[in-house]
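A closer look at the structure
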Amino acid sequence: MFNRRTVIKGTPISGGIAMGHARVVLPGDVELAEITIPASRVEGEIEALVLAVGLTIQEIRELMESAGKKIGGPVARIFDAQLLIADDDEFLNQVKSEIRQTRRNAAFVYNNLVKSTTAPLKSSPDEYMRQMATDIEAVAQRVLSHLSGHEKTDLKFPPHTILVGKMVTPGDVLLYRQRKAVGFVVSEGGQNSHMALISRALRLPVVLSRDSCFDIANNSRLIIDGTAGEIIVHPTSDDWTEYQKRRKRQGPAAITRIRKLSEVPPTTADGRPVNIGANLTLRGPADDILAEQGFPVGLYRTEFLYLANYDFPDEESQYDYYRQIAQKYARSYVVLRAFDLGYDKLIADAVWPQEDNPALGWRGMRAMLDMTNEFKTQIRAILRASTGKNLKILLPMISDVSELDRAKKLISQAKFQLRKQRIPFDEDIQVGIMAEVPSAAMTAETLVKKVDFVSIGTNDLVQYTLAADRMNSRVSKLYSAFHPSVLRLILIVVEACKKHGKPVSICGEAAGDPLALPLFIGMEIDLLSMNPARIFDQCRFVKKIDSTMARHLLASVKASESQQQVINMLQTYKSELEKKKPFRKRK
C-alpha cells in the first residue's frame with residue numbers, strides 16, 4: 001500500500017481530472033461457496049435463478065433507456081449485447097440442468113459456467129470476442145448480486161468518490177455517476193471498450209493501471225488525470241491547488257463558461273474575427289451549449305458508431321444519428337469525418353489484421369477504400385442527413401491524389417444512387433481532406449485543387465514528421481507541434497489553400513494550445529477546432545492578440561532553427577500578452 005505521495009503512470013482511458021478519495025469496491029473474480037443442496041431445494045434454487053435473471057433483464061432495459069436519454073441511441077445500443085446475453089434461454093437451460101444433475105447451489109453453478117464460457121473469449125486475439133467476455137461478466141455480476149442479495153444499488157458513498165477496482169462495466173458507469181462518483185481507476189479495460197465509450201460520453205475521467213491499482217487503499221486521497229493517464233496518491237497541498245486550477249480549465253465548468261462569451265466568433269485586439277470550433281466524438285453535455293452559442297463542429301469523429309458494437313452500423317441508424325447532429329447544430333455546421341478506424345482505435349480481429357506497425361498500416365481512407373460497401377453506406381447516410389445544408393464530409397488519412405480520386409468517385413456513385421431513388425440531399429455538400437501525413441502536406445498544391453476545404457490534423461502530422469509517438473513515454477518529449485519541420489509543413493498547406501481560395505482549419509490538439517494561437521492567427525487559419533474545454537480560454541485569449549503583431553511573430557518563428565527557439569519566443573510573447581487586459585472596443 002502507498003503510504004506517501006506516489007505518482008502512478010497509467011493509460012488514459014477517458015479524459016478529465018477527478019479529485020477525491022478512493023473507494024475500492026468494484027468486484028474482481030467472483031469466488032462463491034459450493035453448497036450441496038437436498039433434492040427438495042433444487043426447484044427453489046432454479047426459481048431464484050429465474051427471478052435473478054428477470055431482475056437483471058429489467059435493470060439492463062432501464063440502463064438502455066437512461067443511456068438513450070443521456071447519450072443517444074448508438075451508444076445506448078451497447079446494452080443490446082448485454083440484453084441478448086441475459087435473455088439467452090440456451091445458457092439458462094444449461095445452468096438449470098447442471099443444478100438438477102449436481103444438486104449444487106444456483107450461484108455456484110451459474111458462476112462456474114460463466115467462467116468456462118468467458119475463459120477462451122478473454123484469451124482470444126479478437127477484440128470483439130474479448131468485449132463479449134466483458135459483457136457476459138457484466139451480466140453475470142448482476143445475476144449473482146441478485147442471487148446473493150448484495151445488489152450494487154445498496155452501495156452508498158460520499159460525494160467526490162473515485163472508484164478503484166478491477167473492472168467497470170457500462171452499467172457501473174451510469175449507476176455510480178448517479179451516486180456522484182467523479183472518476184474511476186481500473187486494472188482491466190481498454191481505450192475503445194464499451195466502458196470507455198460511456199465514460200467519455202459522460203465526461204468521467206478514467207485511468208487504467210494494471211499493476212498498481214490495488215495498491216491504493218480505501219479512503220486514500222487521490223487525483224486522477226484521465227488525459228495524461230496519471231494517478232497521484234496522497235497528493236500534497238500544492239498538487240491539490242494546481243489540479244484544482246487545471247480541473248477548472250478542463251472540466252465541465254470549462255464547458256459551462258462558454259455561455260459567458262459575449263462574442264462568437266471572438267475578434268482580435270485589432271478587430272479581426274477568429275473562427276473557433278469544437279472537436280467532438282460523442283453526443284453529450286457540451287452539445288446544447290455549443291449549439292446555442294452558434295459554434296461549428298470542425299471535426300466530428302464517427303468511429304464510435306463502429307466501436308459501440310464492433311460492427312459497421314446500417315444506413316438507417318447512421319442516417320438517424322447524423323440527422324440529429326445536423327438538426328442540433330442548425331445555426332452553424334458540422335464536419336463529419338468518415339470512419340478513421342485502425343491504428344490506435346482497434347486491436348486485430350476478424351476484420352482488422354494484426355500489423356507489426358499499425359500506425360503505418362491499414363487505417364483511415366486506406367481501409368475504407370478497400371471496404372467500399374461500408375464507405376458508401378456511410379456516405380449515403382451523411383448525404384441523406386444533409387438536406388439542411390450544414391453538413392460537410394471529411395476524408396481522413398489521405399496520402400496520395402489517387403486515394404482522393406477514388407474516394408470522390410465513390411461519393412459520386414452514392415449521389416447517383418440517391419438521385420435515382422429520388423432521395424433528397426445537399427447537391428453542393430462540401431468534401432474536404434485531412435492533411436495529417438507529410439506526403440499530403442508536400443503535395444498540397446495538387447490535392448487542394450480537388451477539394452472544397454482542408455483540415456490539418458496536427459496530432460498525426462507531428463507523429464509522422466518526427467517519428468515520435470506522444471503516448472510512448474520514452475519518446476513523447478520529442479513530440480511537438482512547434483518543431484520547425486512541422487510548422488513548415490503546416491505553412492505549405494496553408495499557402496496552397498490561400499492560393500486557391502480554399503478554407504483551411506486546424507483540428508489537432510495544437511488548435512487549443514494558447515502558445516500556438518498567435519501563430520495560427522498570423523497564418524490566417526480559417527477555423528481552429530479544439531476540445532470544447534479549451535474554447536472559453538482560447539476565445540478570451542484571442543482578444544489580447546493583435547493580428548499584425550501575430551504576423552510579425554510568425555515571420556520570426558519561420559526563421560527559427562530549433563523547437564526550443566520557437567517555444568521560447570512564443571512563451572515570451574504570451575507572457576507579455578497576459579499582462580494586458582482584453583481590448584474593448586469603444587462605443
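Going by the structure above, here's the rest.
One structure accompanies this document, and this report is about it.

Thresholds applied
Residues numbered from 1 in each chain as written. Predicted model: local features only at pLDDT ≥ 70, side-chain atom pairs only at ≥ 80, totals over all residues. Heavy atoms only, no water. Helix = DSSP H or I, 4+ residues; strand = E, 2+ residues; numbered from the N terminus. Buried < 20%, exposed > 50% of the residue type's maximum accessible area, 1.4 Å probe, protein only. Contact = heavy atoms within 4.5 Å. Areas by Shrake-Rupley, 256 points an atom, 1.4 Å probe, with all protein chains shown as cover. Salt bridge = Lys/Arg side-chain N within 4 Å of Asp/Glu carboxyl O. Core = buried A, V, L, I, M, F, W, Y, C linked by side-chain atoms within 4.5 Å. Axes fitted to C-alpha atoms, helices over the stretch in contact; angles between N-to-C directions. Parallel < 35°, antiparallel > 145°, perpendicular 65-115°, else oblique. Nonpolar A, V, L, I, M, F, W, Y, C, P; charged D, E, K, R; others polar. Left-handed = near helix turned anticlockwise from the far one by under 90°. Expected span 1.5 Å × (residues − 1). Phe/Tyr/Trp six-rings, centres within 6.5 Å; stacked < 30°, edge-to-face > 60°. Polar contact = N/O pair within 3.5 Å; in protein donor to acceptor, adjacent residues only side chain to side chain. Pairing = 2+ DSSP bridges.

Focus: the overall build of the protein
Scanning the protein for helices and strands turns up 24 helices and 16 strands. Residue burial in the protein is summarised as follows: out of 587 residues, 54% are buried. Contacts in the protein between residues at least 24 apart in sequence constitute 70% of all its contacts with a sequence separation of at least 6. Surface exposure of the protein reaches about 26,100 Å², of which carbon and sulfur atoms provide 49%.

Considerations on the pattern of salt bridges
This model, assessed by the stated rule, comprises 25 salt bridges. Here Asp340 ties to Arg363 by a salt bridge, and the two come within 3.5 Å at their closest N and O atoms. Highlighted residues: Asp340 in the loop between β11 (334-337) and α14 (364-370) and Arg363 in the loop between β11 and α14, separated in sequence by 23 residues. Across the salt bridge formed by Arg419 and Glu427, the nearest N and O atoms sit 2.9 Å from each other. The class for Arg419 is partly exposed, based on a relative accessible area of 42%. For Glu427, a relative accessible area of 39% translates into the label partly exposed.

A word on the nonpolar core
With 164 residues, the main nonpolar core has Tyr110, Tyr322, Leu395, Leu528 and Ile535 as its most contacted residues. If near-sequence neighbours (up to four positions away) are discounted, Tyr322 is found in contact with Thr302, Leu305, Leu336, Phe339, Gln378, Ala381, Ile382, Ala385 and Leu391. Residues Phe2, Val164, Ile216 and Val233 belong to the second largest nonpolar core, which totals 14 residues.

A short note on the packing of helix α7 (residues 170-178) against helix α8 (residues 194-201)
Orientation of α7 relative to α8, taken along the N-to-C sense of each, is 30°, at an axis distance of 8 Å. Taken together, the axis directions place α7 and α8 in an arrangement best described as roughly parallel. The segment α7 lies against α8, with Pro170, Val173 and Leu174 engaging His194, Met195, Ile198 and Ser199. Of the residues in the contact of α7 with α8, the class split is 5 nonpolar, 2 polar and no charged.

Concerning the packing of helix α23 (residues 547-558) against helix α24 (residues 563-578)
Where α23 contacts α24, the two axes come as close as 10 Å, and the packing angle between them is 160°. Classified by the angle their axes make, α23 and α24 are roughly antiparallel. Relative to α24, α23 is oriented so that their crossing is right-handed. Side by side, α23 and α24 meet where Met549, Ala550, Leu553, Ser556 and Val557 of the first sit next to Val566, Met569, Leu570 and Tyr573 of the second. Of the residues assigned to the contact of α23 with α24, the class counts are 8 nonpolar, 1 polar and no charged.

With respect to helix α15 (residues 372-384)
Quick reminder: α-helices carry 3.6 residues per turn. Residues three or four places apart thus point the same way. For α15, which comprises 13 residues, the first-to-last C-alpha distance of 18 Å matches the rise-based estimate of 18 Å (1.5 Å per residue) to within 8%. Looking only at α15, the buried set comprises Phe375, Lys376, Gln378, Ile379, Arg380, Ala381, Ile382, Leu383 and Arg384. On its buried face, α15 sits against α13 (315-328), β11, α14, β12 (391-395) and α16 (401-420).

Considering the environment of Phe214
When you line up the elements, Phe214 lands in the loop between β6 (206-208) and β7 (221-225). On a C-alpha basis, the gap between Phe214 and Val186 in space is 9.0 Å, while along the polypeptide they are 28 residues apart. Setting aside anything within four residues of it in sequence, one finds Phe214 in contact with Met1, Val24, Gly165, Lys166 and Ser187.

Considerations on the packing of aromatic side chains
All chains considered together, the criterion is met by 4 aromatic pairs. On the numbers, 5.7 Å between centres and 80° between planes, the contact of Phe91 with Tyr110 is edge-to-face. On the criterion of sequence distance, the pair formed by Phe91 in helix α4 (residues 89-102) and Tyr110 in helix α5 (residues 106-122) is long-range, its members being 19 residues apart. A relative accessible area of 5% means that Tyr110 is categorised as buried. Measuring from centroid to centroid gives 6.5 Å for Tyr176 and Phe184, while their planes differ by 50°, and the two rings are tilted. In terms of burial, Tyr176 and Phe184 fall into one category: buried. Taken together through their ring pairs, the aromatic side chains of Tyr306, Phe312 and Phe339 make up a single cluster.

Here we look at the side chain of Ser560
Mapped onto the secondary structure, Ser560 falls in the loop between α23 and α24. Here the side chain of Ser560 touches Ser556 through a polar contact of 3.4 Å, landing on its backbone oxygen. Once residues lying within four places of it in the same chain are set aside, the contact partners of Ser560 are Pro484, Arg488, Gln565, Val566 and Met569.

What about the sheet that holds β12?
One closed barrel accounts for 8 strands, arranged β9-β10-β11-β12-β13-β14-β15-β16; its pairing is parallel. Recorded for the sheet is a direction-independent mean angle of 25° between the axes of neighbouring strands. Helix-sheet contacts for α13 involve β10 (297-301), β11 and β12, and the interaxial angle to β11 is about 155°.

Considering the pairing of strand β1 (residues 6-9)
Every second residue of β1 is oriented toward a common face, the buried set being Thr6 and Ile8 and the non-buried set Val7 and Lys9. As defined by bridge partners, β1 adjoins strand β8 (residues 230-233) across 4 bridges and the pair is classed as antiparallel. Opposite Ile8, over in β8, you have Ile231 as the bridge partner.

Some details on helix α20 (residues 484-499)
Taking 1.5 Å as the rise per residue, α20 with 16 residues should run 22 Å; its terminal C-alpha atoms sit 22 Å apart, in good agreement. Within the sequence span of α20, burial applies to Pro484, Val486, Leu487, Leu489, Ile490, Leu491, Val493, Val494, Ala496 and Cys497. Positive backbone phi, approximately 65°, marks Gly501, located one or two places after α20.

Regarding the environment of Asp370
Assignment of secondary structure puts Asp370 in helix α14. Residue contacts for Asp370: discarding those within four places in its chain leaves Trp362 and Arg406.

Notes on unusual backbone geometry
Residue Pro265 follows Val264 across a cis peptide bond; omega there is 0°. Residue position: Pro265 is located in the loop between α10 (252-256) and β9 (276-280). With a phi angle near 60°, Lys389 is a residue other than glycine that sits in the positive phi range. Judged by relative accessible area, which is 56%, Lys389 ranks as exposed. The phi angle at Arg422 is positive, at roughly 60°, despite the residue not being glycine. As for its position among the elements, Arg422 is in the loop between α16 and β13 (430-435).

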